[in-house]
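Structure at a glance
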Amino acid sequence: MVKPSFSHVTQWVFDLDNTLYPPQMRLFDQIEVLMTDYVVRAIGVDRAEADRLRGHYWREYGTTLAGLMAEHDLDPDPYLHAVHQVDLSHMDPDAELADHIRALPGRRIVYTNGSAPYAERVLEARGLTGLFDAIYGVEHAGYRPKPEKAAFEAIFAQDGITAETAAMFEDDPRNLAAPHEMGMRTVHVAPDPHDADHIHHHTDDLTAFLARLR
């Protein structure tokens with residue numbers, strides 16, 4: 001009985017990577033290579049160290065970018081441009097997913113730790129252009145990343161979201177903690193479930209899950 005749990009929801013917040021497309025498309029594999037390349041150039045370490053730092057910053061700061069900004073005073077905009085120059089030619093439009101998103105009542109937005117221009121490209125490749133009322137990237141949160149509560153607060157304030165009538169769809173379980181604390185309905189979208197009190201629902205198939213809400 002999933003549908004009754006969302007009867008109060010009029011604002012729908014979707015993460016982008018590995019949420020609005022399945023992880024099997026492996027788009028983030030390309031991004032990780034580009035991030036490692038950028039770390040090599042930006043701080044002058046070898047590739048093995050750059051790869052280690054990339055993972056370390058992601059764990060400690062929420063994103064590699066946040067770690068580079070905190071520890072190396074990195075200019076975020078050239079980084080965001082460089083690491084999102086990915087090939088999307090292998091991505092397929094998903095008409096069924098588009099139909100279910102279109103049917104959601106109320107306001108629909110995308111909020112990603114990537115950049116908004118990158119999100120727009122991915123949405124186009126997935127056939128999801130025009131379905132969302134707004135698209136927010138990490139730049140709209142002052143480069144503060146999810147899972148920081150302040151990042152969510154910044155985006156939700158800009159969009160006028162009321163957490164008590166909103167739902168968050170996200171592949172990274174740690175990024176659902178703050179939305180849950182704020183009063184949102186939370187949906188973990190990933191191949192494997194994650195047992196945590198801040199996750200209300202899990203699905204390995206976003207399209208099928210949204211179909212149950214109609």
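The preceding data block contains the structure.
Let me begin by describing the structure that accompanies this report. All figures in this text were calculated on a predicted structure; none of them were measured in a lab.

**With respect to the overall build of the protein**
Secondary structure assignment for the protein yields nine helices and six strands. In terms of C-alpha radius of gyration, the protein reaches 17 Å, essentially the compact-globule figure of 17 Å for 214 residues. Overall, the C-alpha framework of the protein stretches about 55 × 35 × 30 Å when taken along its three principal axes. Within the protein, the fraction of its 214 residues that count as buried is 52%. Across the protein, contacts joining residues at least 24 apart in sequence account for 64% of those joining residues at least 6 apart. Summed over all atoms, the accessible surface of the protein reaches about 9,700 Å², with 49% contributed by carbon and sulfur. In the protein, 19 positive and 35 negative side-chain charges are present, and the distance between their average locations comes to 4 Å.

**Comments concerning the packing of helix α1 (residues 27–43) against helix α3 (residues 64–72)**
Viewed as axis vectors pointing N to C, α1 and α3 meet at an angle of 10 degrees, and their least axial separation amounts to 12 Å. Here α3 runs roughly parallel to α1, going by the angle between their axes. On α3, the residues touching Met35, Val39 and Ile43 of α1 are Thr64, Leu68 and His72. Here the residues of the contact of α1 with α3 are counted per class, giving four nonpolar, two polar and no charged.

**Digging into the packing of aromatic side chains**
Per the counting criterion, the structure on display carries eleven aromatic pairs. Relative to Trp12, the ring of Phe6 lies with its centre 6.0 Å away and its plane at 10 degrees, an arrangement referred to as stacked. Exposure class is identical for Phe6 and Trp12. Each is buried. An angle of 20 degrees between the planes, with centres 6.5 Å apart, marks the rings of Phe6 and Phe169 as stacked. Linking Phe6 in the segment before β1 (11–14) with Phe169 in strand β4 (residues 166–170), this pair joins segments that are 163 residues apart in sequence. A residue is classified by how much of its surface remains accessible, and Phe6, at 4% relative accessible area, is buried. Overall, Phe169 belongs to the buried group, its relative accessible area being 0%. Taken together, the ring pairs in this structure connect Phe6, Trp12, Phe14, Phe132, Phe169 and Phe209 into an aromatic cluster.

**Brief notes about the sheet that holds β1**
The six strands lie next to each other as β3-β2-β1-β4-β5-β6, forming an open sheet whose pairing is parallel. Strands at the two margins of the open sheet, each flanked by one partner only, are β3 (134–136) and β6 (201–203). Ignoring strand direction, the axes of neighbouring strands in this sheet form an average angle of 20 degrees. In this sheet, strand β5 (residues 185–189) lies alongside β4 in parallel orientation, the contact comprising four bridges. Looking across to β5, one finds that Phe169 is bridged to Val187. Strand contacts of helix α7 (residues 149–159): β1, β2 (107–111), β3 and β4, with the helix running at about 145 degrees to β2, the strand carrying the most contacts.

**Observations regarding the nonpolar core**
Within soluble globular proteins, side chains that are nonpolar tend to cluster in buried spots. Judged by nonpolar contacts, the single largest core of 49 residues is most densely connected at Phe6, Leu20 and Phe169. If sequence neighbours within four positions are ignored, Leu20 has contacts with Phe14, Asp15, Leu97, Ile101, Val110, Leu123, Arg126, Leu128, Phe132 and Leu206. In this structure, Tyr111, Ala141, Ile155 and Leu176 belong to the second largest nonpolar core, which totals 21 residues.

**Details of the pairing of β2**
Counting buried positions along β2 yields four of five residues, so the element is predominantly enclosed. Looking at chain direction, β1 and β2 are connected through four bridges and run parallel. Across the sheet, residue Val13 finds its bridge partner in β2, namely Ile109. One ladder, built from three bridges, connects β2 with β3; its direction is parallel. Bridging across to β3, Val110 finds its partner in Ile135. A crossover connection joins β2 to the parallel β3 through helix α6 (residues 116–125); in handedness this β-α-β unit is right-handed.

Cut-off values and rules
- Residues numbered from 1 in each chain as written.
- Predicted model: local features only at pLDDT ≥ 70, side-chain atom pairs only at ≥ 80, totals over all residues.
- Heavy atoms only, no water.
- Helix = DSSP H or I, 4+ residues; strand = E, 2+ residues; numbered from the N terminus.
- Rg over C-alpha atoms; globule rule 2.2 N^0.38 Å.
- Buried < 20%, exposed > 50% of the residue type's maximum accessible area, 1.4 Å probe, protein only.
- Contact = heavy atoms within 4.5 Å.
- Areas by Shrake-Rupley, 256 points an atom, 1.4 Å probe, with all protein chains shown as cover.
- Lys, Arg positive; Asp, Glu negative; His and termini not counted.
- Charge placed at Lys NZ, Arg CZ, Asp CG, Glu CD.
- Axes fitted to C-alpha atoms, helices over the stretch in contact; angles between N-to-C directions.
- Parallel < 35°, antiparallel > 145°, perpendicular 65-115°, else oblique.
- Nonpolar A, V, L, I, M, F, W, Y, C, P; charged D, E, K, R; others polar.
- Phe/Tyr/Trp six-rings, centres within 6.5 Å; stacked < 30°, edge-to-face > 60°.
- Pairing = 2+ DSSP bridges.
- Core = buried A, V, L, I, M, F, W, Y, C linked by side-chain atoms within 4.5 Å.
- Right-handed = clockwise from strand over helix to strand, strands pointing away.

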